[in-house]
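Here is what each chain is made of, one letter per residue.
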Amino acid sequence: MSEAEVPASLPATAVSPPAAATGEQDRALVDQARAGDVGAFEMLVRRHQGWVFTLALRMLGDRAEAEDMAQEIFLKAYRGLKRFKGASRFSTWLYAIASHHCLNQLEARRRRPLQHGWAGGRPDHAENDPPAVVDRLADQAPRADVLLERTDLQRIVQTELANLTAEHRIILVLRDIQGLSYEEIAQTLGLELGTVRSRLHRARMEMKARLTPHL
Amino acid sequence: MTCDEARAAFSDLYDEALSGAPLVTVTQHLASCPACRAEWASFRKAMQAVADLGIAEPSPGFAARVRQQLEIPTRSQRVVQWLFLPLHVKVPIQAVAVLLVAFAGLLLYQRSPELRRATEPYQASSPPVAREAPTPVPPPAAEEPTRKKESPAPQADASKAEQAKPEVPATAAVAPPPQAPSEAEKDRGSPSLREEAKELEKTATAPESPKIEESSREPRAKSAEPGMAARRVLPSAPTPLQAPAPSAAPVQAAPSPGAEMERQISSARPRSADQLYSTALMDLGRQSYDQAIESLRAFIQQNPRDTRVPDARMRLADAYVAQHRYSEAILEYEAVAREFPDSPLVPVALYRQAQARLALGDQAGCQMLRDVADRYPQAPEAALAREALSTRCR
């Protein structure tokens, strides 16, 4: 299949992106926030907090940490408003900030294993595990007891999601939970469309392999 | 299509990204392959389970908390606020504090001699001269000529030894010099002292080029009136003919501790021609003849082609005279007249040499006075020579 055949449309299972509802309203709020209107930015936060928080939650697996990270993302966006030129939609710009912030934080935590430790005491990630296993960001394993998932299956999904590499996890979240199109994912993560497609395929197949025993 | 190829298309199939022949091929394979059909069902369930996680919402009040964070000033903003706000209170306080510190520094500097001394060597070497200018200055040799060779180092040692023992005033045997300064002459001499002080200051503050020195000296020597020249030459100088009274003999004042330290500091630095000459002038000004002699000799030795050499020799000879070292003075006066026969200083050097000889009891001085009167009738020294002849060479 050529890249031209990659659809921008969303599968029926995907959640509609909040970016679809943004546009002119976002732009007006951005202008007001740039002029120093903190209230306008608060409105922007309300409009996009679900999306940003969901990304953080699915990447970290912990609500409290996800809220902190979402807050950091919005603060970062507010301080960077002057650099937002309006070439793309505000939502796309914000999602790019959120995605990179999540990836950077996870990478930073991965490099500080002694400070964060193995959250879940997972038996298959001992100290002497090979780097390939460590690269799976096992230290980001969800603390299932604090997850307010509605079903056991959702807890399992979240747990298995955390066992993916950060690269696979974020592309799966952006596509299958946040519902971004391939183009939006490419723009958000700064990847080629073909890379998005192939990486998404590998992430899905791995997730399917992990979840099949529980389904 | 193989099973692997069909399963590789699951992701695209799930996203409804397949169309045409690929879609038909995959669909046909799934219809005919129960294993792939089961895999596809499993794939869809897994993806549906992921999608079911859905969008989560943060706890209530999240946006308000973000806003609170936004309104908290950053660290740099807090530093600026702490330093300057409110402006109308803190800025005046800071300005006053800066002024107080500056004032305290100034006071400390003014009341601390060590600080002042430490900074003085780095300034132009004028202040000491300016301060010492009012003291009597040895004969200004700037306008006078001479001849004779510079005394070698051993001679200097001998002269020091000579200086160490109490001087037998050779001049005591000689009749009081005709030029011995009367009170009126002293009065007349004070302007010349000021003039000399100015000259010293000029020399010390702005190390002039030889040309400047030459140009500032010659017009004066040529155009000055005889009387003026006499006033400039005679009154302030402890010439051999002034025959200082025994009580006044130890003219050379012991250098003050401050002056001594100043000299040590300045001697520690590399001494250029200008520095040597300026130092010598300052020493002459404070009647530190030993140091002046040392500096002048060093200047002459190190800068034999300098246009100030005749002047330096005259000043050197005058310093010897001030110490009653007439023999050495005569040699320097002779050097001026011999080495710089065209210099306007020659008649002065000859006249002073004659006086020095008379101070030693050498009657050849009388013949020199006649020569001065005969050979330089227009020079101010001619009149002085005739007067001396009438009083001392009858």
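All figures in this text were calculated on a predicted structure; none of them were measured in a lab.

Reading guide: rules and limits
- In this numbering scheme, every chain counts its residues from 1 along its sequence in written order.
- Lettering for chains starts from A, numbering for ligands starts from 1, and both go in the order in which the items are written.
- Totals for whole chains, interfaces and linings use all residues, but because this is a predicted model, local features are given only for residues with pLDDT of at least 70 and pairs of side-chain atoms are given and counted only at 80 or more.
- Each side-chain value is worked out from all heavy atoms of the structure, with water and hydrogens disregarded.
- Here a helix means four or more residues in a row that DSSP labels H or I, a strand means two or more in a row labelled E, and each is numbered from the N terminus.
- Think of it in three bands: residues with accessible area under 20% of the maximum for their type are buried, residues over 50% are exposed, and the middle band is partly exposed, with areas taken using a 1.4 Å probe on protein chains only.
- Between two residues, a contact is recorded if the distance between any of their heavy atoms is within 4.5 Å.
- Only residues whose relative accessible area exceeds 30% and that take part in no salt bridge are eligible for patches, with like-charged residues grouped when within 9 Å of each other and nonpolar side chains (Val, Leu, Ile, Met, Phe, Trp, Tyr) grouped when within 5 Å.
- To measure how exposed things are, a 1.4 Å probe is used in the Shrake-Rupley method; for residues, cover is taken only from the protein chains shown.
- The salt bridge criterion pairs a side-chain nitrogen of Lys or Arg with a carboxyl oxygen of Asp or Glu, the two atoms within 4 Å.
- Criterion for a disulfide: a pair of cysteine sulfur atoms at a distance within 2.5 Å.
- Here, nonpolar core refers to any group of buried Ala, Val, Leu, Ile, Met, Phe, Trp, Tyr and Cys residues whose side-chain atoms link them within 4.5 Å.
- Within a predicted model, pLDDT stands for the predictor's per-residue confidence, ranging from 0 to 100.
- Simply put, the buried area is the total loss of 1.4 Å probe accessible area from both parts when two parts are fitted together.
- By the criterion applied in these results, polar contacts are pairs of N or O atoms within 3.5 Å in which, for protein atoms, one can donate a hydrogen and the other can accept it, and in which residues neighboring in sequence qualify only through two side-chain atoms.
- Axes here refer to lines fitted to C-alpha atoms; in helices the fit is confined to the stretch in contact. Angles between the N-to-C directions go from 0 to 180 degrees.
- Left-handed is the label given to a crossing in which the near helix is rotated counterclockwise from the far helix by less than a right angle, and right-handed is the label when the rotation is clockwise.
- Amino acid classes used here: Ala, Val, Leu, Ile, Met, Phe, Trp, Tyr, Cys and Pro are nonpolar; Asp, Glu, Lys and Arg are charged; the rest, including Gly, are polar.

### A closer look at the overall build of chain A
Thinking step 1. For chain A, the count of helices and strands is 10 helices and 0 strands.
Thinking step 2. The order of α-helices and β-strands along chain A, N terminus first, is α-α-α-α-α-α-α-α-α-α.
Thinking step 3. Within chain A, the proportion of its 215 residues that are buried is 51%.
Thinking step 4. Long-range pairs, those at least 24 residues apart, make up 68% of the contacts in chain A with a sequence separation of at least 6.

### Observations regarding a nonpolar patch on the surface
Residue and element names in this part refer to chain B.
Thinking step 1. Together, Val 79, Val 80, Trp 82, Leu 83, Phe 84, Leu 85, Leu 87 and Val 91 make up an exposed nonpolar region whose accessible area comes to about 730 Å².
Thinking step 2. Every element with two or more residues in the nonpolar patch is listed here: α6 (75-84) and α7 (87-111).
Thinking step 3. In terms of residue count, the dominant contributor to the nonpolar patch is α6 (5 residues).
Thinking step 4. Residue position: Leu 87 is located in helix α7.

### Topic: the state of the cysteines
Each disulfide is one covalent bond, formed between the sulfur atoms of two cysteines.
Residue and element names in this part refer to chain B.
Thinking step 1. Tallied over the entire structure, the rule returns 1 disulfide over all chains.
Thinking step 2. The disulfide partner of Cys 366 is Cys 393, and the S-S distance across this bridge is 2.0 Å. Taking the torsion about the sulfur-sulfur bond, which here is approximately -85 degrees, the covalent link between Cys 366 and Cys 393 counts as left-handed. A residue pair is termed long-range when its members are at least 10 positions apart, and Cys 366 in helix α21 (residues 364-375) and Cys 393 in the segment after α22 (380-392) qualify at 27 residues.

### A short note on the nonpolar core
Thinking step 1. By size, the foremost hydrophobic cluster in this structure holds 75 residues, and its most contacted members are Phe 41, Leu 55 and Met 207 of chain A.
Thinking step 2. For this core, the element with the most residues is helix α2 (residues 38-60) of chain A, which contributes 13 residues.
Thinking step 3. For Met 207 of chain A, the contacting residues outside a window of four places in its chain are Val 157, Glu 160, Leu 161, Leu 164 and Leu 172 of chain A together with Met 47 and Val 50 of chain B.
Thinking step 4. Judged by nonpolar contacts, the second largest core, of 32 residues, contains Ala 273, Ile 300, Ala 329 and Ala 356 of chain B.

### Quick notes on the confidence of the model for chain B
Residues and elements named next belong to chain B.
Thinking step 1. Scored by pLDDT, chain B has a mean of 71; 61% of the residues are at 70 or more.
Thinking step 2. A low-confidence stretch, residues 124-194 stays under pLDDT 50, and its non-local contacts, those more than four residues away or across chains, total 187 contacts.
Thinking step 3. pLDDT under 50 marks residues 203-254. Its contacts with residues more than four places away, or in other chains, come to 100 contacts.
Thinking step 4. This prediction of the complex comes with two scores: 0.44 for pTM and 0.73 for ipTM.

### Side note on the interface of chain A and chain B
Thinking step 1. With 49 residues of chain A in contact, the opposing surface of chain B contributes 37 residues.
Thinking step 2. When chain A packs against chain B, close to 3900 Å² is buried across both sides, 63% of that on carbon and sulfur atoms.
Thinking step 3. Here chain A is connected to chain B by 6 salt bridges.
Thinking step 4. Connecting chain A to chain B are 14 residue pairs in polar contact (both at pLDDT 80 or more).
Thinking step 5. When residues of the side of chain A that touches chain B are traced back to their parent elements, those giving at least two are α2, α3 (63-79), α7 (152-163), α8 (166-177) and α10 (193-211) of chain A.
Thinking step 6. Per-element accounting of the side of chain A that touches chain B gives the leading share, 12 residues, to α2 of chain A.

### A word on unusual backbone geometry
All names here are of chain B.
Thinking step 1. If you check the backbone angles, Glu 16 has positive phi at about 55 degrees while not being a glycine.
Thinking step 2. Summarising the element assignment, Glu 16 is placed in the loop between α2 (10-14) and α3 (20-32).
Thinking step 3. Phi at His 324 takes a positive value of approximately 65 degrees, unusual for a residue other than glycine.
Thinking step 4. Assignment of secondary structure puts His 324 in the loop between α18 (309-322) and α19 (326-339).
Thinking step 5. Look at His 324 and you get buried, because its relative accessible area is 10%.

### Structural notes on the pattern of salt bridges
Thinking step 1. This structure, assessed with the given rule, holds 27 salt bridges over all chains.
Thinking step 2. In this structure, Asp 176 of chain A engages Arg 204 of chain A in a salt bridge whose closest nitrogen and oxygen atoms are separated by 2.7 Å. Here Asp 176 of chain A, found in helix α8, pairs with Arg 204 of chain A, found in helix α10; they are 28 residues apart in sequence, far enough to count as distant. The pair formed by Asp 176 of chain A and Arg 204 of chain A is uniform in burial state, with each residue classed as buried.
Thinking step 3. Here Glu 328 of chain B makes a salt bridge to Arg 325 of chain B, at a shortest N to O gap of 2.9 Å.
Thinking step 4. Using a relative accessible area of 4% as the deciding quantity, one classes Glu 328 of chain B as buried.
Thinking step 5. In this structure, a network of salt bridges that share partners links the residues Glu 42 and Arg 46 of chain A together with Arg 67 and Glu 71 of chain B.

### Side note on the confidence of the model for chain A
Residue and element names in this part refer to chain A.
Thinking step 1. For chain A, per-residue confidence averages 77 on the pLDDT scale, and 72% of positions sit at 70 or higher.
Thinking step 2. This model gives residues 1-18 a pLDDT under 50, and the stretch forms 43 contacts once residues within four places in sequence are excluded.
Thinking step 3. Scored below 50 in pLDDT, residues 115-147 makes 53 contacts in the model with residues more than four places away or belonging to other chains.

### Describing the packing of helix α1 (residues 24-34) of chain A against α2 of chain A
Relative placement of two packed helices is described by the angle separating their axes and the distance separating the axes.
Residue and element names in this part refer to chain A.
Thinking step 1. Axis separation between α1 and α2 bottoms out at 8 Å; the angle between their running directions is 145 degrees. The interaxial crossing formed by α1 with α2 has left-handed handedness. For the pair formed by α1 and α2, the contact residues are Gln 25, Asp 26, Leu 29, Val 30, Gln 32 and Ala 33 on the first element and Ala 40, Phe 41, Met 43, Leu 44, Arg 47 and His 48 on the second.
Thinking step 2. A breakdown of the residues in the contact of α1 with α2 according to their chemical character gives 7 nonpolar, 3 polar and 2 charged.

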